[in-house]
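A look at the structure
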Amino acid sequence: MTPIELRRKAYQVLVDNLGQINTIRFLQQVGWGYGDYTKEREELLQGVTREEFLQDLERIRNS
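Values in this document were obtained by computation on a predicted structure and should not be read as measured data. (Residues numbered from 1 in each chain as written. Predicted model: local features only at pLDDT ≥ 70, side-chain atom pairs only at ≥ 80, totals over all residues. Heavy atoms only, no water.)

Of the regular secondary structure elements, the chain holds three helices and zero strands. Helices and strands appear in the chain in the N-to-C order α-α-α. With respect to the three principal axes, the spread of C-alpha positions in the chain is 50 × 25 × 25 Å. Going through the 63 residues of the chain one by one, you find that 2% of them count as buried. When the accessible area of the chain is evaluated, it comes to approximately 6400 Å², of which 55% is carbon and sulfur surface. Computing the positive centroid from 9 side-chain charges and the negative centroid from 10, the chain places the two 8 Å apart. (Helix = DSSP H or I, 4+ residues; strand = E, 2+ residues; numbered from the N terminus. Buried < 20%, exposed > 50% of the residue type's maximum accessible area, 1.4 Å probe, protein only. Areas by Shrake-Rupley, 256 points an atom, 1.4 Å probe, with all protein chains shown as cover. Lys, Arg positive; Asp, Glu negative; His and termini not counted. Charge placed at Lys NZ, Arg CZ, Asp CG, Glu CD.)

Structure, rendered in structure tokens:
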């Protein structure tokens with residue numbers, strides 16, 4: 001299923017269950033996010049080595 005097909009089906013599920021007006025209201029509340037994810041990620045991970053990242057990932061998986 002392509003992303004477009006998935007979105008179309010999801011919209012249809014919402015409309016079928018909530019009706020058109022409530023679907024629109026719901027989508028307005030959810031929003032589409034804000035900010036620059038790529039820039040924020042780069043800032044958060046600045047100076048983190050690949051080895052440190054993999055160690056943290058392994059620690060999280062094991063906890």
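A few words on the pattern of salt bridges. Oppositely charged side chains are able to pair whenever their charged atoms sit close together. By the definition in use, this model includes one salt bridge. A salt bridge links Arg59 to Asp56, with the nearest nitrogen and oxygen atoms 3.8 Å apart. Here Arg59 and its partner Asp56 are both found in helix α3 (residues 50–62), three residues apart, which amounts to about one turn of the helix. By relative accessible area, which is 53% here, Arg59 ends up exposed. Relative accessible area serves as the criterion here: at 38%, Asp56 is assigned to the partly exposed category. (Salt bridge = Lys/Arg side-chain N within 4 Å of Asp/Glu carboxyl O.)

Our focus in this paragraph is the side chain of Thr23. With respect to the secondary-structure elements, Thr23 resides in helix α1 (residues 3–30). Within polar-contact distance, the side chain of Thr23 engages the backbone oxygen of Gly19 at 2.7 Å. For Thr23, the residues in contact, after removing those within four places along its chain, are Leu14, Val15 and Leu18. (Polar contact = N/O pair within 3.5 Å; in protein donor to acceptor, adjacent residues only side chain to side chain. Contact = heavy atoms within 4.5 Å.)

Further remarks concern a nonpolar patch on the surface. Together, Leu44, Leu45, Val48, Phe53 and Leu54 give the surface a local cluster of nonpolar side chains, amounting to about 480 Å² of exposed area. Along the chain, Val48 turns up in the loop between α2 (37–45) and α3. (Patch = residues over 30% accessible without salt bridge, like charges linked within 9 Å, V, L, I, M, F, W, Y side chains within 5 Å.)

Turning to α2, a few remarks are in order. With a side-chain oxygen lying 3.2 Å from the backbone nitrogen of Thr38, the N-terminal cap of α2 falls on Asp36. Positive phi appears at Gly47, one or two residues downstream of α2, with a value of about 85°.

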